[in-house]
Number of protein chains: 4
Amino acid sequence: MHSIQQKAAQIRLVIFDIDGVLTSGALFIGDNGQEYKAFHSRDGHGLRMLQDSGVQVAIITGRSSKVVQHRAKDLGIQHVYQGRREKLPAFEELLHATGFSAEQVAYVGDDVMDLPIMIRTGLAVAVQDAHSLVKKQAHWLTPSNGGMGAGRDVCELIMDAQGTLEPALAAYLVK
Amino acid sequence: MHSIQQKAAQIRLVIFDIDGVLTSGALFIGDNGQEYKAFHSRDGHGLRMLQDSGVQVAIITGRSSKVVQHRAKDLGIQHVYQGRREKLPAFEELLHATGFSAEQVAYVGDDVMDLPIMIRTGLAVAVQDAHSLVKKQAHWLTPSNGGMGAGRDVCELIMDAQGTLEPALAAYLVK
Amino acid sequence: MHSIQQKAAQIRLVIFDIDGVLTSGALFIGDNGQEYKAFHSRDGHGLRMLQDSGVQVAIITGRSSKVVQHRAKDLGIQHVYQGRREKLPAFEELLHATGFSAEQVAYVGDDVMDLPIMIRTGLAVAVQDAHSLVKKQAHWLTPSNGGMGAGRDVCELIMDAQGTLEPALAAYLVK
Amino acid sequence: MHSIQQKAAQIRLVIFDIDGVLTSGALFIGDNGQEYKAFHSRDGHGLRMLQDSGVQVAIITGRSSKVVQHRAKDLGIQHVYQGRREKLPAFEELLHATGFSAEQVAYVGDDVMDLPIMIRTGLAVAVQDAHSLVKKQAHWLTPSNGGMGAGRDVCELIMDAQGTLEPALAAYLVK
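All values derive from a computational prediction rather than experimental measurement.

## Section: the interface of chain D and chain A
- Listed as interface residues are 26 residues of chain D and, on the opposing side, 28 residues of chain A.
- Between chain D and chain A, a total of about 2300 Å² is buried, with carbon and sulfur atoms accounting for 55% of that surface.
- Of all residues in chain D, D:R42, D:Y172 and D:L173 give up the largest surface area on contact with chain A, accounting jointly for 26% of the area buried on that side.
- On inspection of chain D and its partner chain A, the count reaches 4 salt bridges.
- Joining chain D to chain A, the criterion identifies 14 residue pairs in polar contact (both at pLDDT 80 or more).

## Thoughts on helix α3 (residues 66-74) of chain D
Residue and element names in this part refer to chain D.
- If you check which residues of α3 are buried, you get V67, V68, R71 and A72. Axial view of α3: buried residues confined to an arc of 130°, hence all on one face. Seen from the buried face of α3, the exposed residues on the opposite side, beyond 90 degrees, are K66 and K73.
- Taking the backbone nitrogen of V67 as reference, a side-chain oxygen 3.0 Å away marks S65 as the first, capping residue of α3.

## Topic: the packing of helix α2 (residues 41-52) of chain B against helix α7 (residues 150-161) of chain B
Residue and element names in this part refer to chain B.
- Direction vectors running N to C along α2 and α7 enclose 25°, while the axes themselves pass 7 Å from each other. Between α2 and α7, the angle is such that the two are roughly parallel. As α2 runs across α7, the sense of the crossing is left-handed. Counted together, R42, D43, H45, G46, L47, M49 and L50 of α2 and A150, G151, R152, C155, E156, I158 and M159 of α7 form the full contact between these two elements.
- Residue classes in the contact of α2 with α7 are distributed as 7 nonpolar, 3 polar and 4 charged.

## A short note on the relation of the copies chain D and chain A
- For the pair chain D and chain A, the relating rotation is 90°, the translation along its axis is 0.0 Å, and the fit reaches an RMSD of 0.0 Å. Taken together, the rotation angle and the small translation identify this as a four-fold axis.
- Each copy contacts the other with its own distinct surface, as only 12% of the interface residues of chain D are interface residues in chain A too.

## Description of the pairing of strand β4 (residues 56-60) of chain A
Residue and element names in this part refer to chain A.
- Taken across its 5 residues, β4 has 4 buried, putting it largely inside the fold.
- As paired strands, strand β1 (residues 13-16) and β4 are joined by 4 bridges and run parallel to one another. Note on β4: the bridge partner recorded for V14 is V57.
- Pairing analysis gives 3 bridges linking β4 to strand β5 (residues 79-81), with the strands arranged parallel. Of the residues in β5, the one forming a bridge with I60 is Y81.
- Considered for its hand, the β-α-β crossover made up of β4, helix α3 (residues 66-74) and β5 is right-handed.

The rules behind these values
- Residues numbered from 1 in each chain as written.
- Chains lettered and ligands numbered in written order.
- Predicted model: local features only at pLDDT ≥ 70, side-chain atom pairs only at ≥ 80, totals over all residues.
- Heavy atoms only, no water.
- Contact = heavy atoms within 4.5 Å.
- Buried area = accessible area lost by both parts, 1.4 Å probe.
- Salt bridge = Lys/Arg side-chain N within 4 Å of Asp/Glu carboxyl O.
- Polar contact = N/O pair within 3.5 Å; in protein donor to acceptor, adjacent residues only side chain to side chain.
- Buried < 20%, exposed > 50% of the residue type's maximum accessible area, 1.4 Å probe, protein only.
- Helix = DSSP H or I, 4+ residues; strand = E, 2+ residues; numbered from the N terminus.
- Arc of directions from axis to C-beta.
- Axes fitted to C-alpha atoms, helices over the stretch in contact; angles between N-to-C directions.
- Parallel < 35°, antiparallel > 145°, perpendicular 65-115°, else oblique.
- Left-handed = near helix turned anticlockwise from the far one by under 90°.
- Nonpolar A, V, L, I, M, F, W, Y, C, P; charged D, E, K, R; others polar.
- Least-squares fit on C-alpha atoms with pLDDT ≥ 70 in both.
- Pairing = 2+ DSSP bridges.
- Right-handed = clockwise from strand over helix to strand, strands pointing away.

What follows is the structure in structure tokens.
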């Protein structure tokens, strides 16, 4: 079995960074300081399928924004850590809260602040347009850029390795 | 006659998914949970020309958003089914309401939730950047990506097959 | 002298379509039906330089939006015709109001509704990603796509042909 | 030592234009004239790292927008000059206020209004998709387009030349 699939097969929890991973990195800011982000609909369906398959999902992000609360709620994501420019303590809290080992956790990042967690997880993923150092440290690169389907790529990699992707997709093709 | 044109010639109703088809898939979300979508002006004119040619247009979408109501109203689209993550019942309601057979209906999609309808319609279209499984099941791929003119591509394919495109365009060239 | 430069040299008024020309065609719509458009900063500077050189600028657009009023005011554009899906009457009003002949007018468009004016003007320009029929009818294609600098391309084409570009740019290089 | 690195090694202050440099040039405008800009998260982290390394950051922009105040505050940028279509006086005020010589200052621009400052600074940078004349006058072109990481490119060029990049990045890789 391919090494990446072996790593993906053992994952019980996937942590996503937000800006540059579930978005393109674009921070929309208005006259009054209000913020907007652009997520992708196909990432959303991947996150739902992944959770339905029994894998948990978490968000750890350096910025803090009410936008993320809304998106996380919409997608049923329970573990949300915002305003954590130092991401490592949030990672340790999350391991403690869920009881998973670092080998059972995947992290998806795009920038250097993501490295402290990435180098400790069982599956370190960089989006296609990540910072060069992040790509160098990753076990796997998503075919898609951040915000353009990179999240979906990760969900399907893990479900495929765990044998849950084919039955989930087959259900859509029943006549 | 080419097979795709034969299928397109019999279409009386075109169903469009929204996110990833009439948009790029980008879901813009603000601080207060408010939502925004980016439609394309050239899709809009295609949908107007298609309806003027006598073909009906419907929307079936998994998400639910007031944005879609506004856009549908602007384009004179009468059949709007939102919040239908299970899309097949909406499809059956729509066939019942309009009296068309599945062979007279085209569906334009980008993701796996669209497959249950796509495999039942007379003309199944995937946008250029659709999920790989959706592209595999489609009769036709639009040259354009979702939100970048894919809707217009479909309108012109059908009008061309039905002989209504050339006169509609010729009217703009009368001196 | 090249034919396009000859046509450009005689232009006294440039008419721009909005959606797909001064924007990418993206129509951003919010929950309450509010609209947003994305213009380009480099187009803005081109339109200012063109007007400073003595060429007038007008907008004729099929849709109607308060956004366009704000952008036109910001750029000092006096002639604004909105909600004109039938664009030809607006064109005739504009010729009457300004006293220019059709040969002295350029039109920049992206879609088939633009054709009735384009085929009557002295210089018909299509943006790089215009509808295929519009590109076919144009005297010139902008190197840039709509909303990505196509407006600036037109301003510099005309100023270059009229000998006003080089001095305007040279002023920025005075030590 | 490479000439660009020599120039970068002496920089104590980096001036960024906003539209087209820290954004793609897109000016989002709403129904009521409200404005929005899209910044990039990876630029933000670069600007924080650059300031942490002891280099100062300034903004000089031709347009005026409350959006810029919000972004500048978020990034801890002290020197903000807006509404300066004539950019040279702002540049001179900034030199006076900081006490730096022009050789110690870098400027990052995309359009011709940026040229009067660029031709006077120790390091003139154009974004990859800048106006052709701006690219021609620049000492260095960023690999990335404006709003897509061009700001980060500049921060890392300067930190690399000053020997502060490697230790800053190494800190993220400590096990």
